[in-house]
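Here is what each chain is made of, one letter per residue.
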Amino acid sequence: MASAITTLAADAPTLSAANTGFMLICSALVMLMTPGLAFFYGGMVRVKSSLNMLMMSFISLGIVTILWVLFGFSLAFGTDSGSLIGWSSDYVGLSGIGITELWDGYTIPVYVFAVFQLMFAVITPALISGALADRVKFSAWALFTALWVTVVYFPVAHWVWGAGGWLFELGVIDFAGGTAVHINAGAAALGVILVIGKRVGFKRDPMRPHSLPLVMLGAGLLWFGWFGFNAGSWLGNDDGVGAVMFVNTQVATAAAMLAWLGYEKLRHGSFTTLGAASGAVAGLVAITPSGGSCSPLGAIGIGAIAGLLCAMAVGLKYKFGYDDSLDVVGVHLVGGIAGSLLVGLFATGGVQSEAKGLFYGGGLEQLGKQAIGVFSVLAYSLVASALLAFLLDKTIGMRVSEDDEISGIDQVEHAETAYDFSGAGGGASSRSTAAPVHVAAASKKVDA
């Protein structure tokens, strides 16, 4: 008996300084993705809505962080109850966790795991905000964020990643968030916009991005942060799986960007910066669930398929009449579905698990599991999000008034404007009469 105990103790994981440091860096990278998303979305809207768009992402860093500490981590990763939700009193307020207590089966502290997963919880509702640009009260959005992560994100995270969660136990593969993050957010976006309706002037007025350089900056920050998002999801760096995921993240993103640009050139005759940025994000979305189960060649296929499908999907809002302002449905929902289902085709059985896809002799079994994960999360998030939006709209109201929307939500909701040209004239008296003309012209262009 004594020898057995000694053997078990020797085999027990011990705290790894290398893995702990690696995961803290990955957590910081994932945190950076939310400001990156803010810039990406902020540049895509008209100037009169850009600050509001930035704030709709930034506020998630505040609200979700506090809720995660108070009860979110316990709901998502506490002891399983009925395969639907978790709960552990030690996780409430993160108050009952020892500073060197390890996450079960891993070599990193519980605190490190908790903060890494917190950053996923933060960015997911922020993703939804891009579909609602120009027309939602900031106070209503803040309340929706708090309710949504509680009712939708925390339970779904438990289903997918929590020990005992029903999708986890079924064998659904979601390496870093294709279902829990991207399909969840994309379906929620669709549910909310079906409730709150279209922007004033949708399909009539031009609603072009006001700053494509800002969009490209945001896309670059997302791409950079996504390495932590994906490679870090293996929770260590001892066996090479995280390294494969890192490589596949780069490869799929490149393939998706090229596929989007190719489609754009054939369909519209131009290679656009917005297309490059959007294609890159589509590839990042698709490889998130699948990159830990495929080879780099498979990542090329997954990225190219996702880039093409998402490029085609963004136009569906004009055909079907739903106003997805910044293509959250077209990129995150479609990209998340594609990446999650393609696991069932491209899984090699030689990376994160032994599960094989159809192309590697695994038959249709894994594809069936992936489909169950995809459509269960999609249905739950769509319905629950629409109900939350409906309740808020009928109580405090979700939308600003039509006049406020036309005049600009930044000034109405935040008493600020993104660009101040009042000091642009200045100079000697000989130029003082000409300067205001240029300032006025610039202001007119920006306010368009």
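All residue numbers refer to positions counted from 1 along the written sequence of the respective chain. Totals for whole chains, interfaces and linings use every residue, but because this is a predicted model, local features are given only for residues with pLDDT of at least 70 and side-chain atom pairs only at 80 or more, for both listing and counting. Each side-chain value is derived from all of the structure's non-hydrogen atoms; neither hydrogens nor water enter the calculation.

Engineer: Looking at this structure, I do not really get the packing of helix 3 (residues 50–77) against helix 5 (residues 138–161). What am I missing?
Structural biologist: Between two packed helices, what matters for the description is the angle formed by their axes and the separation of those axes. At their nearest, the axes of helix 3 and helix 5 sit 9 Å apart, and the two run at 45 degrees to each other. Here helix 5 runs oblique to helix 3, going by the angle between their axes. For the pair helix 3 and helix 5, the crossing hand works out as right-handed. Residues are grouped as follows: nonpolar covers Ala, Val, Leu, Ile, Met, Phe, Trp, Tyr, Cys and Pro; charged covers Asp, Glu, Lys and Arg; every other residue, Gly included, is treated as polar. Of the residues contributing to the contact of helix 3 with helix 5, the split by class is 19 nonpolar, 5 polar and no charged. Angles here are taken between N-to-C directions and fall from 0 to 180 degrees, while the axes themselves are lines fitted to C-alpha atoms, restricted in helices to the stretch in contact. Note on conventions: DSSP H or I runs of at least 4 residues are helices, E runs of at least 2 residues are strands, and numbering of each starts at the N terminus. Each angle is binned into one of four classes, with values under 35 degrees roughly parallel, values over 145 roughly antiparallel, values of 65 to 115 roughly perpendicular, and all other values oblique. By the definition used in this description, the sense in which the near helix is turned from the far one sets the handedness, with an anticlockwise turn below a right angle giving left-handed and a clockwise turn giving right-handed.

Engineer: Help me understand helix 8 (residues 212–231), please; the structure alone is not making it clear to me.
Structural biologist: What sets the pattern is the α-helix's 3.6 residues per turn: residues three or four places apart point alike. Working rule for helices: expected span equals 1.5 Å times residues minus one. When the terminal C-alpha atoms of helix 8 are compared, their 29 Å separation across 20 residues agrees well with the 28 Å that a helix rising 1.5 Å per residue should span. Of all the bends in helix 8, the largest measures some 30 degrees and sits at Gly 225. Residue exposure (1.4 Å probe, protein chains only): buried if accessible area is under 20% of the type maximum, exposed if over 50%, otherwise partly exposed. Listing the buried residues of helix 8 in full gives Val 215, Gly 218, Ala 219, Leu 222, Trp 223, Gly 225, Trp 226, Phe 227, Gly 228, Phe 229, Asn 230 and Ala 231. Buried positions along helix 8 lie against helix 2 (17–44), helix 4 (110–129), helix 7 (178–196), helix 9 (241–268) and helix 10 (273–290). The bend at a residue is defined as the angle formed between two axes, one fitted to the seven residues ending at that residue and one fitted to the seven starting there. Every residue pair with non-hydrogen atoms within 4.5 Å of one another is taken to be in contact.

Engineer: Hey, could you run me through the environment of Ala 142 in this one?
Structural biologist: Of note, Ala 142 is situated in helix 5. Note on Ala 142: relative accessible area 17%, which makes it buried. Sequence-wise, Ala 142 and Ile 287 are 145 residues apart; in three dimensions their C-alpha atoms are separated by 30 Å.

Engineer: Quick question: what am I supposed to make of the pattern of salt bridges here?
Structural biologist: Side chains that differ in charge, positive against negative, can pair when their charged atoms come close. A pairing counts as a salt bridge when a side-chain nitrogen of Lys or Arg comes within 4 Å of a carboxyl oxygen of Asp or Glu. Taken as a whole and assessed by the stated rule, the structure comprises 8 salt bridges. The shortest N-O distance in the salt bridge between Lys 369 and Glu 365 comes to 3.5 Å. Of this pair, Lys 369 and Glu 365 are both found in helix 14 (residues 365–395), 4 residues apart, which corresponds to roughly one turn of the helix. Of the charged contacts, one joins Glu 405 and Arg 399 as a salt bridge, the two residues approaching to 2.8 Å between their closest N and O atoms. Look at Arg 399 and you get partly exposed, because its relative accessible area is 21%. One network of salt bridges, with partners in common, ties together Arg 46, Asp 134, Arg 135, Arg 199 and Asp 323.

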